[in-house]
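# Breakdown of the fold
What follows is the residue order along each chain.
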Amino acid sequence: MKQKENANYTPGNLNFDPLGVFPKDKEGQARMQLAELKNGPLAMIAITAFAVQEAVSSMGVVDETPFFFYPLLQTLHEYANSGYIQ
């Protein structure tokens, strides 16, 4: 409640930025907030697509597309040993 009484309060701003990546100037803050508004829905669509993919294929996304989740050399080694790469 105290934050809403503050004149500088913005919804969602909990003053938690331990790495100091949120810009101090108003222009940088507006740019960061716009990027969050653009990328947030895209991330939600992606995670929904992962859930649908798992439901349709009955296989985990990590097992179905290992090149997104494991180191490249490990994935290539597994593909080479399973006959995909000659």
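In case you missed it, the structure is sitting above this.
Below, the structure is looked at part by part.

## Some details on the overall build of the protein chain
- Counting its secondary structure elements, the protein chain contains four helices and zero strands.
- Buried positions account for 9% of the 86 residues belonging to the protein chain.
- Carbon together with sulfur atoms contributes 63% to the accessible area of the protein chain, which is approximately 7800 Å² in total.

## So, the packing of aromatic side chains
- The tally for this structure, following the rule as stated, stands at one aromatic pair.
- Seen in terms of ring centroids, Phe50 and Phe69 are 6.2 Å apart; in terms of plane orientation they differ by 55°. Their pairing is tilted. Of this pair, Phe50 sits in helix H2 (residues 26-57) while Phe69 is found in the loop between helix H3 (61-64) and helix H4 (72-81), placing the two residues 19 residues apart along the sequence.
- The exposure class assigned to Phe69 is partly exposed, which follows from its relative accessible area of 38%.

## As for H2
- Helix length check: H2 (32 residues) gives 46 Å between terminal C-alpha atoms against 46 Å at 1.5 Å per residue, within 8%.
- The complete set of buried residues in H2 reads Gly28, Gln29 and Gly40.
- At the C-terminal side of H2, Ser58 shows a positive phi close to 55°.

## Comments concerning unusual backbone geometry
- Its identity as a non-glycine residue notwithstanding, Ser58 has a phi of 55°, on the positive side.
- Within the secondary structure, Ser58 is located in the loop between H2 and H3.
- In this structure Ser58 comes out as exposed when scored by relative accessible area, which is 66%.

## Digging into a nonpolar patch on the surface
- A cluster of nonpolar side chains, Ile47, Phe50, Val62, Phe67, Phe68, Phe69 and Tyr70, forms an exposed patch at the surface whose accessible area comes to about 670 Å².
- Considering the arrangement of structural elements, one finds Tyr70 in the loop between H3 and H4.
- Tyr70 sits in the partly exposed class, given a relative accessible area of 35%.

## A short note on the side chain of Gln29
- The topology assignment puts Gln29 in helix H2.
- Residue classification places Gln29 among the buried positions, given a relative accessible area of 18%.
- A polar contact of 3.1 Å, which involves the side chain of Gln29, links it to the backbone oxygen of Pro23.
- With residues near it in sequence (within four places) discarded, Gln29 still touches Phe22, Pro23 and Lys24.

Rules used in this analysis
- Residues numbered from 1 in each chain as written.
- Predicted model: local features only at pLDDT ≥ 70, side-chain atom pairs only at ≥ 80, totals over all residues.
- Heavy atoms only, no water.
- Helix = DSSP H or I, 4+ residues; strand = E, 2+ residues; numbered from the N terminus.
- Buried < 20%, exposed > 50% of the residue type's maximum accessible area, 1.4 Å probe, protein only.
- Areas by Shrake-Rupley, 256 points an atom, 1.4 Å probe, with all protein chains shown as cover.
- Phe/Tyr/Trp six-rings, centres within 6.5 Å; stacked < 30°, edge-to-face > 60°.
- Expected span 1.5 Å × (residues − 1).
- Patch = residues over 30% accessible without salt bridge, like charges linked within 9 Å, V, L, I, M, F, W, Y side chains within 5 Å.
- Salt bridge = Lys/Arg side-chain N within 4 Å of Asp/Glu carboxyl O.
- Polar contact = N/O pair within 3.5 Å; in protein donor to acceptor, adjacent residues only side chain to side chain.
- Contact = heavy atoms within 4.5 Å.

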